[in-house]
Amino acid sequence: MEQITEETEGNIERNDTGEEVRNGTVHFPPGHPPPHPGFPPHFHGNGPPRRFPRPAGPPPPGAPHPFQGGMGRGPGPKTPLNIAFRPDDVLVATFPRSGTTWTIEIIRRLHLRHLPEDHVLRSPASSRGLFLNPHVTSAHVESLPSPRILKSHDYYTDISHRYFSTEGARCRVVHVIRDPKDVFCSIYEHMKKEHHYVPPFEEFISKFKTGTRYAGPGPGDWWDFTREFLENDKNLPVLFVTYEDLKANPRDTIRKINKFLGYPEISPADLEEVVRMTSYEVMKHTHSLQVHSSTTGTTGGHKNKLSIQDIIDINISTEQLIDKLEAENLRATLHDLNLRRYC
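Everything in this summary refers to the structure shown in the same document. Not measured: the values here are computed from a predicted model. (Residues numbered from 1 in each chain as written. Predicted model: local features only at pLDDT ≥ 70, side-chain atom pairs only at ≥ 80, totals over all residues. Heavy atoms only, no water.)

1. What about the packing of aromatic side chains?
Stated formally: Within 6.5 Å between ring centres, the rings of Phe, Tyr and Trp (the latter by its six-membered ring) count as paired, and their orientation is classed by plane angle as stacked under 30 degrees, edge-to-face over 60, tilted in between. Counting from the N terminus, the helices are the DSSP runs of H or I reaching at least four residues and the strands are the DSSP runs of E reaching at least two. Accessible area is worked out with a 1.4 Å probe on protein chains only. A residue is then buried under 20% of its type maximum, exposed over 50%, and partly exposed in between. Note on geometry: a ring has a charge over it if NZ (lysine) or CZ (arginine) is within 6 Å of the ring centre and within 35 degrees of the ring normal.
All chains considered together, the criterion is met by 14 aromatic pairs. Arranged with centres 6.1 Å apart and planes meeting at 25 degrees, the rings of Phe-184 and Tyr-188 form a pair that is stacked. With Phe-184 and Tyr-188 both in helix α4 (residues 180–195), this residue pair falls four residues apart, about one helical turn. The burial state of Phe-184 is the same as that of Tyr-188; both residues are buried. Considering the side-chain rings of Tyr-188 and Phe-201, the 5.1 Å spacing of their centres and the 80 degrees angle between planes classify their relative orientation as edge-to-face. Residue Tyr-188 is located in helix α4, and its partner Phe-201 is located in helix α5 (residues 201–209); the two are separated by 13 residues in the primary sequence. For Tyr-188, a relative accessible area of 10% corresponds to the buried category. Following the ring pairs from residue to residue traces out a cluster consisting of Phe-184, Tyr-188, Phe-201, Phe-204, Phe-208, Trp-222 and Trp-223. For the cation-ring pair, Lys-151 lies above Phe-131, with the distance from its terminal atom to the ring centre recorded as 4.9 Å. Taking the ring centre of Tyr-243 as reference, the NZ or CZ of Arg-178 above it sits at 4.0 Å.

So this is what it looks like as structure tokens:
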């Protein structure tokens, strides 16, 4: 089991990977393993400039909003990335603001119990996984030591085309689903803090409800995005978990993830340590994740932000999605996930 030590000397804290944290700034102790040289430059935070500038205010009348277009599904197929997948690779594929970083940290903590002290996953640079964005090449992915944690906000069809188009290309996929109403509110708050300007709330919620991609964080249509993963046309090994279960039943969900990774049953003591180190209360203070200030770690926050009509509209779309999937013989999967709670 990984030994966790935390020391506090005034405003100095030492987290579990050995870094000294002074007022939020990490100071690497002597002998701390540096980030793996295979990580692409942007993995360290000093890579290409931001895709989206930070405008000081609204765009001029008639001008396109600088955020329009965003990431996710673009106008045409993405170039395939030939990844030589390994048996212990994991791809965390989520709609933005759905617990991606949280899930990656759970996976990382489960891995660390079986890895040597100098493994790259103990470096804070690895704690968000390798984001498979357009800058990443197959050489970047290949250079990382096993076990690799990959991350994507792409649609299932785009992931299939880009990463699994080669015969036999497969890896474990963890897909996290979150109530779309909370997803919208989290995206909106994230954009306000990250980009300082977002369109009027009414315009933004209208775009979201109609599945129109408006801005930076990922794809636009939550319902199409979720439907594609649940249908799983390529029959990839996918583990479906929900943000709400991670919050309400972390022990059961972590056991499920641990089993999916192929590890033996986790001991009660190790389980409690993973639960503790991946709790919101700990993660919001640890350098290894730096939970964004727009993250609150709560569920149901939309009730104080959305109008009754907005909630009704989103619930109707979600119910229609569930009805469609049940008609496609996915009733058992939907029952396990209890997605009707979102309606």
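2. Some details on α5
As a reminder of what qualifies: As used here, the arc is the angular range of directions from the helix axis to the C-beta atoms.
Residues Phe-204, Ile-205 and Phe-208 constitute the buried set of α5. Down the axis of α5, the buried side of the element spans an arc of 95 degrees, and every buried residue falls inside it. Gly-211, located one to two residues past α5, shows a positive phi value of around 75 degrees.

3. With respect to the environment of Arg-227
The test is simple: It only takes one pair of heavy atoms within 4.5 Å for two residues to be counted as in contact. Pairing of N or O atoms within 3.5 Å defines a polar contact, subject to two protein rules: one partner must be a possible hydrogen donor and the other a possible acceptor, and residues neighboring in sequence count only if both atoms are side-chain atoms.
Tracing the sequence through the fold places Arg-227 in helix α6 (residues 222–231). Sequence separation of Arg-227 and Leu-325 is 98 residues, and the distance between their C-alpha atoms is 7.5 Å. Ignoring any residue separated from it by four or fewer positions in sequence, one finds Arg-227 in contact with Leu-321, Lys-324 and Leu-325. A polar side-chain atom of Arg-227 sits 2.9 Å from a polar atom in the side chain of Glu-231.

4. Let's talk about the pattern of salt bridges
Note the following rule: By definition, a salt bridge exists where a carboxyl oxygen of Asp or Glu is found within 4 Å of a side-chain nitrogen of Lys or Arg.
For the structure on display, the rule yields 20 salt bridges. Between Arg-109 and Glu-105 there is a salt bridge, with its nearest N and O atoms 2.9 Å apart. Of this pair, Arg-109 and Glu-105 both sit in helix α1 (residues 100–112), separated by four residues, roughly a single helical turn. The partner of Arg-331 in a salt bridge is Glu-326, with the nearest N and O atoms 3.6 Å apart. Judged by relative accessible area, Glu-326 falls into the buried class, the value being 18%.

5. So, the sheet that holds strand β5 (residues 90–94)
Where we set the bar: The criterion for strand pairing is that DSSP finds at least two bridges linking the strands in question. Only the stretch in contact is used when fitting a helix axis, every axis being a line fitted to C-alpha atoms; angles between N-to-C directions are given from 0 to 180 degrees.
One open sheet holds the five strands; their spatial order is β6-β7-β5-β8-β9, and the pairing between them is parallel. This sheet does not close on itself; its edge strands, each paired only once, are β6 (130–131) and β9 (238–242). Both β6 and strand β7 (residues 149–152) contribute to a ladder of two bridges, which runs parallel. By the bridge assignment for β7, Phe-131 is matched with Lys-151. The strands touched by α1 are β5, β7 and β8 (172–177); relative to β5, the strand with the most contacts, the crossing angle is about 160 degrees.

6. Thoughts on the packing of helix α8 (residues 250–260) against helix α9 (residues 268–277)
Rules: Orientation categories follow fixed angle ranges, with anything under 35 degrees roughly parallel, anything over 145 roughly antiparallel, 65 to 115 roughly perpendicular, and all other angles oblique. Classification convention: Asp, Glu, Lys, Arg as charged; Ala, Val, Leu, Ile, Met, Phe, Trp, Tyr, Cys, Pro as nonpolar; all other residues, Gly among them, as polar.
Contact geometry of α8 with α9 gives a least axis separation of 10 Å together with a crossing angle of 110 degrees. By the angle class used here, α8 and α9 are roughly perpendicular. For the pair α8 and α9, contact is made by Pro-250, Arg-251, Ile-254 and Arg-255 and by Leu-271, Glu-272, Val-274 and Val-275, respectively. Partitioning the contact of α8 with α9 into residue classes produces five nonpolar, no polar and three charged.

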